Amino acid sequence: MAEPGIDTRTRSSVITARAAATFEPVGRSVAIARAFVRDTLQGWGYTDVVDDAVVLTSELVTNAVVHAGTSADVLCLRTEDGVRVEVADRYPEREVPIQGTGHAFASTDSENGRGLLLCAALASRWGVEYTPTYKQVWFQLDLPERAIGTRSAGPALPTSMLPVADERVRVAVVQIDATGTVAGWNEDAEQLFGHPAEKVVGKPLTDFAAWPHTPGLGSGIAEALQLSRWEGSYGMRVADGRVIAVYASHLRVRDTHGEPSTVCLLVRDYERAVIQTPPRVPSTEAGSENRVADPFEVFIGSPAPDDLDGLLQRTVERARDMLDGDSAFLLLATDDETELEVRASTGLPSARQRFARVPVEAGTGRYGSARMPAVHDDLIAVPGAVPLLGGTGMRSVVTVPLKVEGRLTGSLGVAAEAAGRYSNEEALRLQFAADRIALAVESARLGELERLRRGSLSFLVEASDLLAGTLDRDQTLALMAQMTVPTLATWCAVYTIADQSSDPYLSYVLHEDEDRIDSLKALLAKIDPPEPVPTPGARIWTAPAAAAHEAALRTSMRELGGGSAPVSSGIGTTLATAAAVGGETVVLPLVARNRVIGMLTLGKPSDDHFRQEILELAEDLSRRAALALDNARLYSERTAISQALQRSLLPPGLPQIPGVEVEVIYRAAGEGNEVGGDFYDLFPIRDGAYGFAIGDVCGTGPEAAAVTGLARHALRLLAREGFAGPAVLERLNTAILDEGARSRFLTLLYGELWPQENGSAVLKIVCAGHPLPLRLRPDGTVEPAAEPQPLLGVMDDLELYEQVITLDPGDVLLCVTDGVTERREGTRMLGDDGLADVLATCTGLTAGAVASRILRAVERFAAEPASDDMAILTLRIPEPHLA
């Protein structure tokens, strides 16, 4: 039965490949399923949809193996135009939705149902199939359609549809000098505007041009005349005072003496087709009857690269070849258009410059020519005009902007080693090419950003899973580093801060080359750690690169001066370390609960830079890692405190009792607990007298352990004050009742033991609601050694009494808590009789062997771990050795 309202139809595309796997219902299966889908789709070449598929698979497999608790079947199907992924589980008690019941998605805050919400958001189509014991969620991801450019041509038209023009088409040619005055006025200009040349030449063009006025802006004509090329409409004043609309094409040129001027071609506005630049250049190819050449394809080549880096690299190579340059470069603008980021270059040290950023605004070291076409005849005369070319040997350069809908999206430049190589003509050609590729570059850039966003989402999902899976501090530190190297950085160092008064401590170092880790750690240990600034975001840290450079310089100088073999062998390591950390290094604070608990340091090799998208992803990761690290720290601290307190509740050691073998085995229920509600004690009371006790407080955990501490210390104090067994327990009962709401009832076996000179031992025992002690004789007879009496912590007035027994040589006294006798397997319970049967097999064993056999019997009685505390106390009177 399909989910109501959800499309369950599949495409009719032919399935060309399939891959299937089954994952067990354990937490690690989610990560394994993600890797399976990622590897499968990448192997098929479907990288465009890998990140979406991984995110959806992660959610759906989590629903199966975590929430439903069953194995998950994952099936990947490849078609010609996309991929379909099916995730199924087999929950035995599933409720099948009924049509019309108003079944709705879970909210985004709930722990289930988010997989379906993600399917609805990311998948091309998806659906759910139900049976009473089976559920399958599937989703289809279509491959994105790739832009292939727009092709068009001006068709052959009937005469009636051709553009209208006068019988005599006149094209006015007006030349404007560098000062903005008219220097040339042809015959057609005289005919169109009625002004003879002698009355116009030498006057400003603004006297005749009626430039369209935009509120808040100047006339704009002076700026237009300075552009290498301009095309558009404005008005011209004719001799009779009227203003007629013209269409103009401006081209800025220079004469043989280097003097610039602007040539303006003007026609009546309705005749604009005569000079208007066509939006597409028709070019019929041989052998293709109706095909026209797309200017984008003419420049880039066909087929065009389908990835951004490939497209940018092809662009700079074609631009360099088109203008016969020695190098070319392309920069992309940031979202706020305040900086340009180097993304492709040829003929330049691209490894050093890639992802470097320069400001757009004018000024020293700033890229002031980004928004307008610019030609620099000699960079030596204008140092810093193009910061990217500093120190490269390039002399002349032409740069043009990449713009989409008037917005600056990048800059394209071509440079040559000789001065004076480029003019406005080359700028016009390059701008024409830039205009044709700007939209394709912007589309590819947006596509890359979307893939990065989805890849970042997948990365953070997996990182969160890994960090949430451990509370071990050292493992958390290792995971932080391993997730960043090499995905985000070449090397990583994690500093931790124990408390506000402590200095940062270098806790973990990782490099993608394992041979570099030790030398990198030694280098970082020699420099001061970064300041623990709580301000969010990445900040530059120059100390590692400076220290590495200085160390390499010192080593090189020693090598040149001494030439000894040890120095020669070490210079390679020093230089390699300097290269490894010589690039950009950033520090991100690890802030948790409004406190800086450390710093995450990421580094690049020589002259390399971080992309902004990578830094933003690293910042997201640092927030998650900081919380995980702080949780691990708190868990470690609380575990250490808990264990220290619990150990204080146990006896420091067992005394040696002459003529008596003693063995104790203690097991506390619950992970991380050393002490629970069960307890034991054995201590000297006075010379020749010893007290022993074994008890069970109602419940387990810290609350029960608190009563344990009260009971054990009260027993020792009262016994050593000379109180007999009944009086000791009666006073302990009063102390427990005084706890009020925090009191818990207590079963307790307390006894006093006196070893005798004849080898026996006299015991006085009080059994207050506790399982009766068992006595094993040498002949295998097992019998209770005491009578039951009321437990403690329930009644105010207790009348207890003690019983006296004598243990003869070979006798064993076994005392246990109810965690032993109440051990269960289904409906079966070990019980008092079962314990007695096990004890009967222990004839002739030492006290330690008896206790071990009892423990093994209890553990083997049931397959599941014990859910209750257990204590076993064994006293044995050894038999005399026969000569």
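Residues numbered from 1 in each chain as written. Predicted model: local features only at pLDDT ≥ 70, side-chain atom pairs only at ≥ 80, totals over all residues. Heavy atoms only, no water.

**Q** Help me get a handle on the overall build of the protein chain, residues and values and all.
**A** Within the protein chain one finds 20 helices and 34 strands. With 883 residues in all, the protein chain has 46% of them scored as buried. Partitioning the intrachain contacts of the protein chain with sequence separation of at least 6 by distance along the chain shows that 62% fall at a separation of at least 24. Carbon and sulfur atoms make up 52% of the accessible area of the protein chain, which amounts to about 43000 Å² in all. (Helix = DSSP H or I, 4+ residues; strand = E, 2+ residues; numbered from the N terminus. Buried < 20%, exposed > 50% of the residue type's maximum accessible area, 1.4 Å probe, protein only. Contact = heavy atoms within 4.5 Å. Areas by Shrake-Rupley, 256 points an atom, 1.4 Å probe, with all protein chains shown as cover.)

**Q** An account of the pairing of strand E30 (residues 803-807) is requested, with residue identities and associated values reported.
**A** Here E30 shows one buried face, formed by Gln-803, Ile-805 and Leu-807, and one open face, formed by Val-804 and Thr-806. The sheet contact formed by strand E27 (residues 761-768) and E30 spans 5 bridges and is antiparallel. The residue of E30 that forms the bridge with Ala-761 is Leu-807. (Pairing = 2+ DSSP bridges.)

**Q** Help me get a handle on the state of the cysteines, residues and values and all.
**A** The final tally for this structure, using the stated rule, is 0 disulfides. Among the cysteines around Cys-767, which has no disulfide bond, Cys-815 carries the closest sulfur, lying 8.6 Å off. (Disulfide = S-S within 2.5 Å.)

**Q** Before we move on, could you go through the packing of aromatic side chains and cite the residues and values that matter?
**A** Within this structure, the stated rule accounts for 5 aromatic pairs. Considering the side-chain rings of Tyr-666 and Tyr-680, the 5.9 Å spacing of their centres and the 50° angle between planes classify their relative orientation as tilted. Of this pair, Tyr-666 sits in strand E23 (residues 661-667) while Tyr-680 sits in strand E24 (residues 678-686), and the two are 14 residues apart along the sequence. Positioned above the aromatic ring of Trp-138 is the side chain of Arg-84, whose terminal nitrogen or guanidinium carbon lies 4.1 Å from the ring centre. Over the face of the ring belonging to Phe-861 we find Arg-828, whose NZ or CZ atom lies 4.4 Å from the ring centre. (Phe/Tyr/Trp six-rings, centres within 6.5 Å; stacked < 30°, edge-to-face > 60°. Lys NZ or Arg CZ within 6 Å of the ring centre and 35° of its normal.)

**Q** So, the packing of helix H1 (residues 29-43) against helix H2 (residues 50-68): which residues are in play, and what are the values?
**A** For the pair H1 and H2, the least separation of the axes is 9 Å and the interaxial angle reads 150°. As summarised for this structure, H1 and H2 are arranged roughly antiparallel, according to the angle between their axes. Note that H1 runs across H2; the crossing there is right-handed. Where H1 approaches H2, its residues Ser-29, Val-30, Ala-33, Arg-34, Val-37, Arg-38, Leu-41 and Gln-42 are matched on the opposing element by Val-50, Asp-51, Ala-53, Val-54, Thr-57, Ser-58, Val-61, Thr-62 and Val-65. Partitioning the contact of H1 with H2 into residue classes produces 9 nonpolar, 5 polar and 3 charged. (Axes fitted to C-alpha atoms, helices over the stretch in contact; angles between N-to-C directions. Parallel < 35°, antiparallel > 145°, perpendicular 65-115°, else oblique. Left-handed = near helix turned anticlockwise from the far one by under 90°. Nonpolar A, V, L, I, M, F, W, Y, C, P; charged D, E, K, R; others polar.)

**Q** Help me get a handle on a nonpolar patch on the surface, residues and values and all.
**A** On the surface, a nonpolar cluster with roughly 290 Å² of combined accessible area is contributed by Leu-157, Met-161 and Leu-162. Within the element layout of this structure, Met-161 appears in the loop between strand E5 (134-142) and strand E6 (172-176). (Patch = residues over 30% accessible without salt bridge, like charges linked within 9 Å, V, L, I, M, F, W, Y side chains within 5 Å. Salt bridge = Lys/Arg side-chain N within 4 Å of Asp/Glu carboxyl O.)

**Q** Outline the pairing of strand E26 (residues 746-755), listing residues and values.
**A** The buried fraction of E26 is high, at 8 of 10 residues. In this structure, strand E25 (residues 689-697) lies alongside E26, joined through 8 bridges in antiparallel fashion. The partner of Tyr-690 across the bridge, within E26, is Leu-753. Bridge count for E26 against E27 is 8 bridges, and the pairing is antiparallel. Note on E27: the bridge partner recorded for Pro-755 is Ala-761. Hairpin connection of E26 to E27: 5 residues between the antiparallel strands, including Gly-759 at a positive phi of 95°.

**Q** Residues and numbers for the confidence of the model for the protein chain, please.
**A** Looking at the protein chain, pLDDT values average 79 and 82% of them are 70 or higher. A low-confidence stretch, residues 362-366 (pLDDT under 50), is modelled with 9 contacts involving residues beyond four sequence positions or located in other chains. Every residue in residues 563-569 scores below 50 in pLDDT, and together they form 7 contacts with partners more than four places removed in sequence or on other chains. (pLDDT = per-residue confidence, 0-100.)

**Q** Lay out the sheet that holds strand E2 (residues 72-79) with the relevant residues and their values.
**A** The antiparallel open sheet is built from 5 strands, whose spatial order is E1-E2-E3-E5-E4. Single-partner strands in this sheet number two, and they are strand E1 (15-23) and strand E4 (125-131). Taken pair by pair, the neighbouring strands of this sheet meet at an average axis angle of 15°, ignoring direction. Pairing of strand E3 (residues 82-89) with E5 involves 8 bridges; the strand directions are antiparallel. Within the sheet, the bridge partner assigned to Val-85 lies in E5 and is Phe-139. In the packing of H1 onto the sheet, the strands contacted are E1, E2 and E3, and the crossing angle to E1 comes to about 165°. The strands touched by H2 within the sheet are E1, E2, E3 and E5, with E5 carrying the most contacts at an inclination of about 175°.

**Q** Account for the pattern of salt bridges, with residues named and values stated.
**A** Once their charged atoms are close, side chains differing in charge can pair, the charge on each being opposite to the other. For the coordinates displayed, the defined rule picks out 26 salt bridges. With a closest N to O distance of 2.8 Å, Arg-242 and Asp-240 form a salt bridge. Measuring nitrogen to oxygen at the nearest pair gives 3.9 Å for the salt bridge that ties Arg-775 to Asp-808. Taken together, the residues Arg-775 in strand E28 (residues 774-776) and Asp-808 in the loop between E30 and strand E31 (812-816) connect sequence positions 33 residues apart. Overlapping salt bridges bring together Arg-775, Arg-777, Glu-783, Asp-808 and Asp-811 as one network.

**Q** Before we move on, can you summarise the sheet that holds E25 with the specific residues and values?
**A** The 5 strands lie next to each other as E24-E25-E26-E27-E30, forming an open sheet whose pairing is antiparallel. Each edge of the sheet is formed by a strand with only one pairing partner; in this case those strands are E24 and E30. Each neighbouring strand pair of the sheet contributes to a mean axis angle of 20°, computed without reference to strand direction. Seen against the sheet, helix H17 (residues 725-737) touches E26 and E27 and runs at an angle of roughly 150° to E26.

**Q** Give a detailed account of helix H19 (residues 831-840), specifying residues and quantitative values.
**A** An α-helix turns once every 3.6 residues. As a result, residues three or four positions apart point the same way. When we look at burial in H19, the residues that qualify are Gly-831, Gly-834, Leu-835, Ala-836, Val-838 and Leu-839. Taken together, the buried residues of H19 touch E28, strand E29 (782-784), E31, helix H18 (818-821), strand E33 (828-829) and helix H20 (847-861).

**Q** Pulling in residues and values, what's your account of the packing of H19 against H20?
**A** Where H19 meets H20, the axes come as close as 10 Å, and the angle between the chain directions of the two elements is 135°. Our classification of the angle between H19 and H20 gives oblique. Once H19 is placed against H20, the crossing between them reads as right-handed. On H20, the residues that touch Leu-835, Val-838 and Leu-839 of H19 are Val-850, Arg-853, Ile-854 and Ala-857. Residues that form the contact of H19 with H20 fall into these classes: 6 nonpolar, no polar and 1 charged.

**Q** Could you give me a rundown of the environment of Pro-204, with the residues and numbers involved?
**A** With respect to the helices and strands, the residue Pro-204 is situated in the loop between helix H5 (197-200) and strand E8 (209-210). Pro-204 gets classed as partly exposed once you look at its relative accessible area, which sits at 32%. Once you skip the residues sitting within four places of it in the chain, Pro-204 turns out to touch Gly-180 and Thr-181.

**Q** Quick one: what's the story with the nonpolar core, residue by residue and with numbers?
**A** Within the largest apolar cluster, 36 residues are counted, with the highest numbers of intra-cluster contacts made by Leu-41, Val-61, Val-74, Cys-76, Val-83, Phe-139 and Leu-141. For this core, the elements supplying multiple residues, two or more each, are E1, H1, H2, E2, E3, helix H3 (114-122), E4 and E5. For this core, the leading source of residues is H2, giving 9 residues. Apart from residues lying up to four places away in sequence, Val-74 is in contact with Ala-19, Ala-20, Ala-21, Phe-23, Phe-36, Val-37, Val-61, Val-85, Glu-86 and Val-87. (Core = buried A, V, L, I, M, F, W, Y, C linked by side-chain atoms within 4.5 Å.)

**Q** Got a sec to walk through the environment of Glu-425? Specific residues and values, please.
**A** Tracing the backbone shows Glu-425 in helix H10 (residues 424-468). The exposure class of Glu-425 is exposed, given its relative accessible area of 56%.

**Q** Describe the side chain of His-195, listing the residues and the values that go with them.
**A** Among the secondary structure elements, His-195 is positioned in the loop between helix H4 (187-193) and H5. For His-195, a relative accessible area of 16% corresponds to the buried category. Excluding residues within four positions of it along the chain, His-195 makes contact with Trp-185, Glu-190, Val-200, Phe-208, Arg-237, Val-238 and Ala-239.

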